[in-house]
Amino acid sequence: MKKSSLLFTGLVILSGAISAQDNTVYQKPPKAIINLLDAKPNPVVMISSNGENMLLLDMSGLPSIAELSQPELRLAGLRINPATNGKSRSLSYSGIKLISVNRGTESTFTGLPAQPALADITWSPDEEKIAFTHTGGNGIELWIADLKTLEAKRLSTYKLNDSYGQSFIWHPDGKSLMAKFIPDNQKLPQEPDNIPSGPLIQENTGKAAPVPTYQDLLKNPYDESLFDHYFHSQLRIVELDGSSEEYLQPHIIRNMEYSPDGRYLLLSNISRPYSYQVPIARFPYSTSLYDQKGKLVKKLYDAPLAENIPAGFDGVPEGPREFGWRTDKGAVLYWVEAQDKGNPSQQAIIRDMLYTLEAPFNQNALKLADCYFRFNSIHWGDDKVAIMTERWWKTRFERRSFIKPSNETFRVNLYDRYYEDGYSDPGTFVTRKNEYNRQVLLTEFNALKRISDPDNVAIFSISDGASPEGDRPFVLKFNIKTKLQDTLFRSSAPYYERPVFFNNEKNIIISREAKDTVLNYFTYNTEDKSSGRITNFSDPYPDLKGVQKQQLNYTRLDGINLSGTLYLPAGFKSGDAPLPTLIWAYPREFKTAAAAGQVKGSPYKFSTLSAGSPVYLVTQGYAILDNADMPIVGESNQEPNDTFVEQIRYNAEAAITQLTKMGVSDKKRIAVGGHSYGAFMTANLLAHTDLFAAGIARSGAYNRSLTPFGFQAEERTYWQAPAVYAKMSPFSYADKIKTPILLIHGQADNNTGTFPMQSERMYSALKGHGATARLVLLPSESHGYRAKESVMHMMWEMNQWLDKYVKNK
């Protein structure tokens, strides 16, 4: 079998030193950074829909490079582990505990695997059980656990196929699961010999088919046969006693969903012809309805290969899409169809149309609503209320409308806003479980008054609460007739509090944290403002005690307000000598200056460090400005990227001015860095300014001619805006970069556009012009770095680079 990744014994490092190439072993950063990287993270929390139970999921630590370097197959835009027939590089949990919120007790489950690697943890419809997967050495198993007996058990001896999509779903009655298993008696395709039988040929017959620079695509007939082998699944209905029976023949299953009443299965299967140009999500597929015995009820639609979706982020395929079930009815389908051929450039009053079809599905579909923009989502309530959301990416416009599923002509626009405007965001609608154990809108109405005034209904939402004071999450009550609103809860200083459970009763559940207090969960009484602790998580980063953290707000040259989070080493005080500094940022595009200038984040959040965070370096005597605002604005008909280079300069200059004015930073000892698009920003700043002493660019793309059909938020192609592509490509200005730059890249990067070749070619260009540069390629790493050895070495490289070219400049 072909192996697509290898285990390297060392790193490949290129530098401009006398020795052009250095194959070295993994290095470790200073002890203070190691302690932080080794810190055990606090559990992930899952709360039942009724708020009675809470699951604590223990996170596994960073995997070893040996684990990460297991053989993997890269097929149709996905990566799988052939040994397990599951997704490679997937995250898992190493343990589960149960907290009874009302009783305040914490319990453990018996019968779990000896070395748990758990994933896809899913409540049963009645929330008395959970189902999950466990990945062992030779496959993926289906397990369940009972919340009353606290017993866990393996449910089937068959191995799951978790290569794509959901591996299982609960039946609505909670008595069985529909699961995808590896078909019996599968034979691995024979690997072809090394003598080719002929050329590989692709042909286009004059039809425009612009696609992004996808990675890990199918490349030849053998890849197709491997794709067939590893992605075909046999569905089985698995009873809770472990017995099972096959359901239909094996297929490559795109999606599956039971009707709320459990009588029908909505099933989408991938079909040929496969593509060498686009990933699996754009392959042809057939959507059909089946009954509980596997009998075909109705074939709904055969979607063709989607290689020719109209250009632009508002482009969609022609024909029916986004099939789903109304959650408030036993068996009513809905779907969307574009009315403009999916082409955002085509003039149209109605962009999408929403349809429904009721069981037994032998009538014509009914039109439910017109969409003047692209359909985004719908939240069902009942026949008298549903909330539909439309969006138009080009302008960042969003509309939320009150519609009545029983009356296609009724429509009231509740919110017209721009979704990049955080201050106006009402948040996510609050839902509850109905008689089908499906989520529907949580509503409040007077039953007697609703008879005479059926529209007098209130709905609820939970928002991040962006504001000039920073994020202050809130619960909002909104009357959909009068549009009057009432804030039922709002976070207040000195805490960052977020509602995580709300059912329109006085007791809610919130998470609470502060700048120096780790996040925990509490019950909160909205009437008397009292609270009760549920969890007792401890600070995972005692080594950061004394590190100072503050939210900075400052203004750039054209008046746009900017913000960032400043970390200062323990013991630093006003009047001390200015510090060497690292500014870490990621550019974001905006269509309005007002949205770009809004305050982001909260000064009261506890700092949780990701593996790639620059904050670790505060322990080495650096000031760190993390998440420094880097907005790129293009108002009206202007595109943000028309002035990308100028605007990142404005942003950088404003940050440096603020830091030096505060006496925090030494202007001559400031570095800039970023990951992915932040790396691209870093290289551009070094190419077009002399503001920095050094740069760190991780997993970036530097030559935009290699992403010719758009990148990030750029819709235009290279041929439509060649000057923009050229000016934004730091590769074009490699001869201008005189500031030391550290390039780091994962050798297995699968992110669209950021091929490892981007860093390799950039390094070659820099070296060719005599720049001070270093290229570090991390074996087996993708776009984000995960192996403990890789992360440790990355931090060692960053610290060494900053010490050499910034701290000791």
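Thresholds applied
Residues numbered from 1 in each chain as written. Predicted model: local features only at pLDDT ≥ 70, side-chain atom pairs only at ≥ 80, totals over all residues. Heavy atoms only, no water. Helix = DSSP H or I, 4+ residues; strand = E, 2+ residues; numbered from the N terminus. Expected span 1.5 Å × (residues − 1). Buried < 20%, exposed > 50% of the residue type's maximum accessible area, 1.4 Å probe, protein only. pLDDT = per-residue confidence, 0-100. Contact = heavy atoms within 4.5 Å. Pairing = 2+ DSSP bridges. Axes fitted to C-alpha atoms, helices over the stretch in contact; angles between N-to-C directions. Patch = residues over 30% accessible without salt bridge, like charges linked within 9 Å, V, L, I, M, F, W, Y side chains within 5 Å. Areas by Shrake-Rupley, 256 points an atom, 1.4 Å probe, with all protein chains shown as cover. Salt bridge = Lys/Arg side-chain N within 4 Å of Asp/Glu carboxyl O. Lys, Arg positive; Asp, Glu negative; His and termini not counted. Charge placed at Lys NZ, Arg CZ, Asp CG, Glu CD. Phe/Tyr/Trp six-rings, centres within 6.5 Å; stacked < 30°, edge-to-face > 60°. Lys NZ or Arg CZ within 6 Å of the ring centre and 35° of its normal.

### Things to note about helix H7 (residues 677-688)
Three- or four-residue spacings in an α-helix give side chains the same orientation, since the helix completes a turn every 3.6 residues. The terminal C-alpha atoms of H7 lie 16 Å apart, and with twelve residues this matches the ideal 16 Å at 1.5 Å per residue to within 8%. The buried fraction of H7 is high, at eleven of twelve residues. Within H7, the full set of buried residues consists of Tyr-677, Gly-678, Ala-679, Phe-680, Met-681, Thr-682, Ala-683, Asn-684, Leu-685, Leu-686 and Ala-687.

### Re the confidence of the model for the protein
For the protein, the mean per-residue pLDDT works out to 94, and 97% of the residues sit at or above 70. Taken as a whole, residues 1-9 scores under 50 in pLDDT and shows 26 contacts with residues more than four places along the chain or in a different chain.

### A look at the pairing of strand E21 (residues 320-325)
For E21, a buried count of five out of six residues is recorded, marking the element as mostly surrounded by other parts of the structure. Bridging between E21 and strand E22 (residues 332-338) involves four bridges; their strand directions are antiparallel. Of the residues in E22, the one forming a bridge with Gly-324 is Tyr-334. Turn length for the E21-E22 hairpin, with the two strands adjacent in sequence and antiparallel, is six residues.

### A few points about the sheet that holds strand E19 (residues 285-291)
Strands in a sheet are paired, the pairing made by backbone hydrogen bonds, and the direction either parallel or antiparallel. Read from one edge of the open sheet, seven strands run E14-E15-E16-E17-E18-E19-E20, paired in antiparallel fashion. A strand with exactly one partner marks an edge of an open sheet, and here the two such strands are strand E14 (168-170) and strand E20 (296-303). Direction aside, the axes of adjacent strands within the sheet are offset by 35 degrees on average. Here strand E15 (residues 176-181) pairs with strand E16 (residues 233-239) via six bridges, running antiparallel. Directly across from Leu-177, in E16, lies its bridge partner Val-238.

### Looking at a negative patch on the surface
A surface patch of like charges, here negative, comprises Asp-173, Glu-239, Asp-241 and Glu-245. Within the element layout of this structure, Glu-245 appears in strand E17 (residues 244-258).

### Quick look at the environment of Trp-393
Counting through the fold element by element, Trp-393 comes out in the loop between strand E26 (385-392) and strand E27 (397-404). According to the relative accessible area criterion, Trp-393 is buried, its value standing at 19%. Through-space distance from the C-alpha of Trp-393 to that of Ala-209 is 21 Å; in sequence the pair is 184 residues apart. Apart from residues no more than four positions distant in its own chain, Trp-393 is found in contact with Phe-313, Asp-314, Tyr-419, Ala-713 and Glu-715.

### Re the environment of Ser-345
One can find Ser-345 in the loop between E22 and strand E23 (352-358). For the pair Ser-345 and Ala-311, spaced 34 residues apart in sequence, the C-alpha separation works out to 8.5 Å.

### So, the packing of aromatic side chains
Under the definition given, this model contains 30 aromatic pairs. Aromatic side chains Tyr-274 and Phe-283 sit 5.5 Å apart centroid to centroid with 20 degrees between the ring planes, which places their arrangement in the stacked category. Given a relative accessible area of 11%, Tyr-274 falls into the buried group. Ring geometry for Phe-680 against Phe-711: centres 6.4 Å apart, planes inclined by 65 degrees, an arrangement best described as edge-to-face. Of this pair, Phe-680 sits in helix H7 while Phe-711 sits in the loop between strand E47 (694-698) and helix H8 (722-728), and the two are 31 residues apart along the sequence. As far as the burial class goes, Phe-680 and Phe-711 line up, both buried. Taken together through their ring pairs, the aromatic side chains of Tyr-586, Phe-644, Tyr-677, Phe-680, Phe-709, Phe-711, Tyr-718, Trp-719 and Tyr-725 make up a single cluster. The ring of Tyr-419 carries Arg-391 above its face, with NZ or CZ at 4.0 Å from the centroid. Taking the ring centre of Tyr-495 as reference, the NZ or CZ of Arg-512 above it sits at 5.2 Å.

### Points about unusual backbone geometry
For residues other than glycine, phi is negative in most cases, and the peptide bonds are mostly trans. Arg-272 connects to Pro-273 through a cis peptide bond whose omega is 5 degrees. With a phi angle near 55 degrees, Ala-76 is a residue other than glycine that sits in the positive phi range. Here Ala-76 shows up in the loop between strand E5 (73-75) and strand E6 (78-81). Phi is positive for Asn-504, which is not a glycine, with a value near 65 degrees. Inspection of the secondary structure puts Asn-504 in the loop between strand E36 (496-501) and strand E37 (507-514). Take Asn-504: its relative accessible area is 27%, and that puts it in the partly exposed class.

### So, the sheet that holds E21
Spatially, four strands are ordered E21-E22-E23-E24 in an open sheet, and the strand pairing comes out antiparallel. Edge strands, defined here as strands with exactly one partner in the open sheet, are E21 and strand E24 (366-371). Across this sheet, the average inter-strand angle for adjacent strands is 20 degrees, counted without regard to direction. As paired strands, E23 and E24 are joined by five bridges and run antiparallel to one another. Residue pairing for E24: Tyr-355 is matched across the bridge by Lys-367.

### What about a nonpolar patch on the surface?
Together, Phe-709, Tyr-718 and Trp-719 make up an exposed nonpolar region whose accessible area comes to about 320 Å². Its location among the elements puts Trp-719 in the loop between E47 and H8.

### Quick word on the pattern of salt bridges
Per the stated rule, a full pass over the model turns up 50 salt bridges. Two residues, Glu-141 and Arg-154, come together in a salt bridge whose shortest N-O distance is 3.4 Å. Of the two residues, Glu-141 sits in strand E12 (residues 139-146) while Arg-154 sits in strand E13 (residues 152-154), which places them 13 residues apart along the sequence. In this structure Glu-141 comes out as buried when scored by relative accessible area, which is 11%. According to the relative accessible area criterion, Arg-154 is partly exposed, its value standing at 32%.

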